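# Chains, contacts and geometry: an overview
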Amino acid sequence: MYYLGIDVGGMSIKGALVDKEGVIHYRANIKTEVEKTSEEILQDIKDLCLSLVSEGGIKINALRGIGIGIPGSIDAEEGVIVYSNNINFENVKIVEYLKKTFDCPIKIGNDANVAALGEMKYGSGKGSKNLILVTLGTGVGTGIIVESKILLGKYGAGGEGGHMTLVYNGLPCTCGKKGCWERYASATALIRITEEYSNKYPDSEVAKIIKKEGKISGKTAFIAARNGDKTGAKIVSKYVKYVAEGLISLVNIFRPDCILIGGGVSNEGSYLMKKIERRVSRYSYGGSRNYKVPVKKAELQNDAGILGAAALCIDN
Ligand SMILES: [Zn+2]
C-alpha cells in the first residue's frame with residue numbers, strides 16, 4: 001500500500017511516495033512558481049503526483065491516498081484552500097480538481113499542522129498523543145495535536161500560536177496586530193536582537209563575527225555565546241525568554257506530552273533545548289509539582305511535511 005505526501009511551500013513543492021510505515025520510497029521536488037495562476041499551480045501539483053507514481057514504479061491503482069500540506073487557511077472538510085498568503089490561492093477546490101485524475105482518498109491540511117502529525121507518527125513525537133510542534137523560522141508556526149488529532153478549529157483556522165499576543169501594543173506583525181509571539185521568537189527576531197546588541201557592544205565577539213562574515217544570522221549569537229562571549233550569552237538568554245514565555249502559555253493550556261522545536265534555530269540542539277525546557281518547567285503552572293514537559297528538537301525537519309501529509313491518509 002502506497003501513499004503520496006505533498007508539501008507545498010513558498011519556494012518548492014516537495015513530494016514523496018511513502019508506505020504505511022512512513023518509509024520514503026521515492027521523492028521529487030519542483031519549484032513553486034509563485035507568479036503562476038492557481039490553475040497552473042494545481043496542474044504542477046497534479047503532474048508531480050503523476051510522476052511520483054510512474055517514477056516510483058507503482059501502478060496508479062496501488063495508491064491508497066494523497067495527502068497535501070499547504071500554508072494558509074485550509075478547509076480540510078471541504079477540501080478547499082481558503083487562503084494562502086504567499087501563493088496565488090484563494091478559495092481553490094484542490095481536492096475536487098485532483099479527484100478528476102486520482103481515484104483514491106485525497107486529504108489536505110495546513111502545513112504546520114501536518115508537520116506536527118508527521119513528527120507524532122514518525123519523528124521525535126512518536127508515542128505521544130498530545131504534542132506541540134513549534135517551527136522557529138521567518139515566523140513562528142505551531143501545530144497542536146490533542147489526543148492524536150490535529151487541533152483545527154472552525155474551517156481549520158485555529159492553532160495559530162505564533163499570533164498569540166506576547167507584548168500588548170508591541171511590535172507590529174504581518175497579520176495586522178501588534179505584539180505577536182512570532183515578532184519576538186522567530187529566527188527573524190533573533191537576528192534583530194543580535195543586530196541591536198552588536199550595535200550597542202561594538203567590541204563584543206558578536207560584533208566581531210558579524211564584521212568578519214559580513215552578515216548576521218541566527219547562528220551568530222550562539223557561536224559567540226559558546227565561545228564565552230558575554231554579549232552572545234545575553235542575546236541567547238533574551239531570546240530563550242521570549243521563546244519560553246510563549247511556550248509557557250501553551251503548556252498552561254494544553255500540557256502536552258512534549259514540545260518539539262523545528263526550523264533552522266533548532267540546529268542549536270540540546271544547548272538551546274535544555275535552556276528553554278528549564279525555563280518552561282520553572283514558570284509553567286504548578287512549577288516542578290506538575291508534569292515537566294520535555295522540549296526536544298523535531299527530528300524529521302524537512303521531511304515532516306511530506307510524511308505528515310501522507311499520514312493524513314494513513315490510519316492506524
Ligand atoms: Zn501576528
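Notes on the structure in this doc start here. (Residues numbered from 1 in each chain as written. Predicted model: local features only at pLDDT ≥ 70, side-chain atom pairs only at ≥ 80, totals over all residues. Heavy atoms only, no water.)

Another point: the overall build of the protein. Across its full length, the protein carries ten helices and 13 strands. In terms of C-alpha radius of gyration, the protein reaches 20 Å, essentially the compact-globule figure of 20 Å for 316 residues. Counted over contacts in the protein with a minimum sequence separation of 6, partners at least 24 positions apart contribute 62%. When the accessible surface of the protein is totalled, it reaches about 15200 Å², and 49% of it is carbon and sulfur. (Helix = DSSP H or I, 4+ residues; strand = E, 2+ residues; numbered from the N terminus. Rg over C-alpha atoms; globule rule 2.2 N^0.38 Å. Contact = heavy atoms within 4.5 Å. Areas by Shrake-Rupley, 256 points an atom, 1.4 Å probe, with all protein chains shown as cover.)

The next subject is the pairing of strand S2 (residues 12–19). Counting buried positions along S2 yields six of eight residues, so the element is predominantly enclosed. One ladder, built from seven bridges, connects strand S1 (residues 2–8) with S2; its direction is antiparallel. Bridge pairing links Asp7 to Lys14 in S2. In sequence, S1 turns back onto S2 through a hairpin of three residues. Strand direction decides the pairing type here: S2 and strand S3 (residues 24–31), joined by seven bridges, are antiparallel. For Ser12, the partnering residue across the bridge sits in S3 and is Lys31. Here S2 hands over to S3 after four residues, with Gly22 in that stretch at a positive phi of 85 degrees. (Buried < 20%, exposed > 50% of the residue type's maximum accessible area, 1.4 Å probe, protein only. Pairing = 2+ DSSP bridges.)

Right, let's talk about the packing of helix H3 (residues 111–122) against helix H10 (residues 304–311) for a bit. Where H3 contacts H10, the two axes come as close as 7 Å, and the packing angle between them is 85 degrees. Between H3 and H10, the angle is such that the two are roughly perpendicular. Together, Val114, Ala115, Leu117, Gly118, Glu119, Lys121 and Tyr122 of H3 and Ala304, Gly305, Leu307, Gly308, Ala309 and Ala311 of H10 make up the contact between the two elements. (Axes fitted to C-alpha atoms, helices over the stretch in contact; angles between N-to-C directions. Parallel < 35°, antiparallel > 145°, perpendicular 65-115°, else oblique.)

The next subject is the packing of helix H8 (residues 230–254) against helix H9 (residues 269–283). Between H8 and H9, the least distance of the axes is 9 Å, while the angle of their chain directions is 50 degrees. By the angle class used here, H8 and H9 are oblique. At the point where H8 passes H9, the crossing takes the right-handed sense. Side by side, H8 and H9 meet where Val236, Val240, Lys241, Val243, Ala244, Leu247, Ile248 and Val251 of the first sit next to Leu272, Lys275, Ile276, Arg279, Val280 and Tyr283 of the second. Considering only residue class, the contact of H8 with H9 consists of eleven nonpolar, no polar and three charged. (Left-handed = near helix turned anticlockwise from the far one by under 90°. Nonpolar A, V, L, I, M, F, W, Y, C, P; charged D, E, K, R; others polar.)

Between its first and last C-alpha, H9 extends 22 Å over 15 residues, near the 21 Å set by a 1.5 Å rise per residue. Looking at the buried side of H9, the elements it contacts are helix H7 (220–226), H8, strand S12 (258–262) and strand S13 (295–297). (Expected span 1.5 Å × (residues − 1).)

For the zinc ion, the protein coordination sphere consists of His163 (ND1), Cys173 (SG), Cys175 (SG) and Cys180 (SG), at 2.0 to 2.4 Å. For the zinc ion, the four donor atoms are set out with angles of 106 to 118 degrees between them, so the coordination reads as tetrahedral. Overall, Cys175 belongs to the partly exposed group, its relative accessible area being 42%. (Donors = N, O, S within 2.8 Å, 3.2 Å for Na, K, Ca; no water. Tetrahedral: all angles 85-135°; square planar, octahedral: opposite > 155°, others 65-115°.)

Grouped together as the largest cluster of nonpolar side chains are 37 residues, with contacts concentrated most on Val134, Leu136, Leu247, Ile261, Val265 and Ile276. Elements with a contribution of two residues or more to this core: strand S9 (131–136), strand S10 (140–146), helix H5 (187–200), helix H6 (205–213), H7, H8, S12 and H9. Ranked by residue count, the leading element in this core is H8, at ten residues. Sequence-distant contacts of Val265, defined by excluding residues within four places in its chain, comprise Leu136, Ala187, Leu190, Phe222, Tyr239 and Leu272. Core analysis: the second largest hydrophobic core is formed by 31 residues, Leu4, Ile6, Ile66 and Tyr97 among them. (Core = buried A, V, L, I, M, F, W, Y, C linked by side-chain atoms within 4.5 Å.)

All right, on to the environment of Gly9 then. Mapped onto the secondary structure, Gly9 falls in the loop between S1 and S2. The residues contacting Gly9, other than those within four sequence positions of it, are Thr32 and Ile87.

Taken together, three strands build an open sheet; the order of strands is S5-S6-S7 and the sheet is antiparallel. Strands at the two margins of the open sheet, each flanked by one partner only, are strand S5 (73–75) and strand S7 (89–92). Within the sheet, the average angular offset between the axes of one strand and its neighbour, ignoring direction, is 15 degrees. Taken together, the three bridges between strand S6 (residues 80–84) and S7 define a ladder with antiparallel strand orientation. Residue pairing across strands places Tyr83 opposite Glu90, the latter belonging to S7.

Everything listed here is a matter of geometry and, on its own, says nothing about what the molecule does.
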